[in-house]
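Close look at the chain arrangement
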Amino acid sequence: MESSTKCEMQLLVNGETKSVVARQGDTLLFVLRNELGLTGAKPGCLNGDCGACTALVDGTPIKSCMMLAIETVGKEITTIEGLHNTPIQRAFVEHFAFQCGYCTPGFIMNAYALTETKPDADDATIQEWLESNICRCTSYQEIEAAVKEVLRQKRKTE
């Protein structure tokens, strides 16, 4: 079967099964935006460097421009549209952790995964995770402060 042939696939996106028809060579980013209308993941570099397209696949942050949609069949996909008033979203607002906003969904998805999977993250771990996303507008201090605030809150409740 050639890569230009379209096929139907069932994707689990933000807790709902979605039927899409896409080429086997279509990226997850393309399918999210153009087939499902989920435009929170942004096309930036389209080569995996900037992180603007970050989504979660089975809870792991991935660059959706680098993963084929067909690879996500049978996996749980979470986009920024699937998060609802989470602590990291509130912390981004409270700490002014964005400027133009283009990179914000990718940063939030990455930071959400970090705070969910590594509640004991130290400064080096936080910095390593944040390095996978690029922002041209801000200094990252506000983003790091937002992440640290959520981690502090999680530690208090445990």
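Given the structure is predicted, the values throughout are model-derived calculations rather than measurements. (Residues numbered from 1 in each chain as written. Predicted model: local features only at pLDDT ≥ 70, side-chain atom pairs only at ≥ 80, totals over all residues. Heavy atoms only, no water.)

Some details on the domain arrangement of the protein chain
Taken domain by domain, the protein chain comprises domain 1 (7-79) and domain 2 (83-157). One C-alpha centre belongs to domain 1, the other to domain 2; they are set 21 Å apart. Every contact between the two is made by 15 residues of domain 1 and, on the other side, 12 residues of domain 2. Here domain 1 and domain 2 share 0 salt bridges between them. Inspection of the region where domain 1 meets domain 2 yields 4 residue pairs in polar contact (both at pLDDT 80 or more). If you list the elements that add at least two residues to the side of domain 1 that touches domain 2, you get β3 (54-57) and β4 (60-63). (Domains from an automatic or database assignment. Contact = heavy atoms within 4.5 Å. Salt bridge = Lys/Arg side-chain N within 4 Å of Asp/Glu carboxyl O. Polar contact = N/O pair within 3.5 Å; in protein donor to acceptor, adjacent residues only side chain to side chain. Helix = DSSP H or I, 4+ residues; strand = E, 2+ residues; numbered from the N terminus.)

Quick look at the packing of helix α2 (residues 87-94) against helix α5 (residues 141-157)
Where α2 contacts α5, the two axes come as close as 8 Å, and the packing angle between them is 135°. Classified by the angle between their axes, α2 and α5 sit oblique to one another. By crossing handedness, the relation of α2 to α5 is classed as right-handed. Here α2 contributes Pro87, Ile88, Ala91 and Phe92 to the contact with α5, which in turn contributes Ile143, Ala146, Val147, Val150 and Gln153. A breakdown of the residues in the contact of α2 with α5 according to their chemical character gives 8 nonpolar, 1 polar and no charged. (Axes fitted to C-alpha atoms, helices over the stretch in contact; angles between N-to-C directions. Parallel < 35°, antiparallel > 145°, perpendicular 65-115°, else oblique. Left-handed = near helix turned anticlockwise from the far one by under 90°. Nonpolar A, V, L, I, M, F, W, Y, C, P; charged D, E, K, R; others polar.)

Overview of the pairing of β4
Pairing analysis gives 4 bridges linking β3 to β4, with the strands arranged antiparallel. By the bridge assignment, Thr54 is partnered in β4 with Lys63. Two successive antiparallel strands, β3 and β4, enclose a turn made up of 2 residues, where Asp58 displays a positive phi of approximately 50°. (Pairing = 2+ DSSP bridges.)

Thoughts on the layout of surface pockets
The volume enclosed by the largest pocket comes to roughly 180 Å³. Lining of the largest pocket is provided by Gly44, Cys45, Cys50, Ala52, Cys100, Tyr102, Cys103, Ile134, Cys135, Arg136 and Cys137. Looking at the lining of the largest pocket, its residues break down into 9 nonpolar, 1 polar and 1 charged. Two domains each provide a minimum of three residues to the lining of the largest pocket, namely domain 1 (7-79) and domain 2 (83-157). (1 Å grid on protein atoms, 1.4 Å probe; cavity = no way out; pocket = protein on both sides within 12 Å on 5 of 7 lines; lining within 4 Å. Points joined across faces, edges and corners; volume = space filled by probe spheres on them.)

Re helix α3 (residues 104-117)
Look at α3: 20 Å from first C-alpha to last across 14 residues, which is about the 20 Å you get at 1.5 Å a residue. Burial of α3 is extensive: 11 of the 14 residues sit out of reach of the surface. Restricting attention to buried positions, one finds in α3 the residues Thr104, Pro105, Gly106, Phe107, Ile108, Met109, Asn110, Ala111, Ala113, Leu114 and Thr115. The elements touched by buried residues of α3 are β3, β4, β5 (76-78), α2, α4 (123-130) and α5. (Expected span 1.5 Å × (residues − 1). Buried < 20%, exposed > 50% of the residue type's maximum accessible area, 1.4 Å probe, protein only.)

Describing the side chain of Lys42
Checked against the element boundaries, Lys42 lands in the loop between α1 (28-35) and β3. Among buried charged residues, Lys42 stands out as having no salt bridge; its nearest opposite-charge side chain is Glu81, 6.7 Å away. A polar side-chain atom of Lys42 sits 2.8 Å from the main-chain carbonyl oxygen of Thr39. Each residue touching Lys42, except ones within four places of it in the same chain, is listed here: Leu29, Arg33, Ala52, Cys53 and Tyr102. (Lys, Arg positive; Asp, Glu negative; His and termini not counted.)

What to know about the sheet that holds β3
Sheet strands associate in pairs through backbone hydrogen bonding, adopting either a parallel or an antiparallel arrangement. In space, the 5 strands of this open sheet follow the order β2-β1-β5-β3-β4, with mixed pairing throughout. Every other strand in the sheet has two partners, leaving β2 (16-23) and β4 as the edge strands with one partner each. Shown here is a sheet whose adjacent strand axes are inclined to one another by a mean of 45°, direction ignored. Relative to β3, α3 is tilted by about 35°, and along the sheet it contacts β3, β4 and β5.

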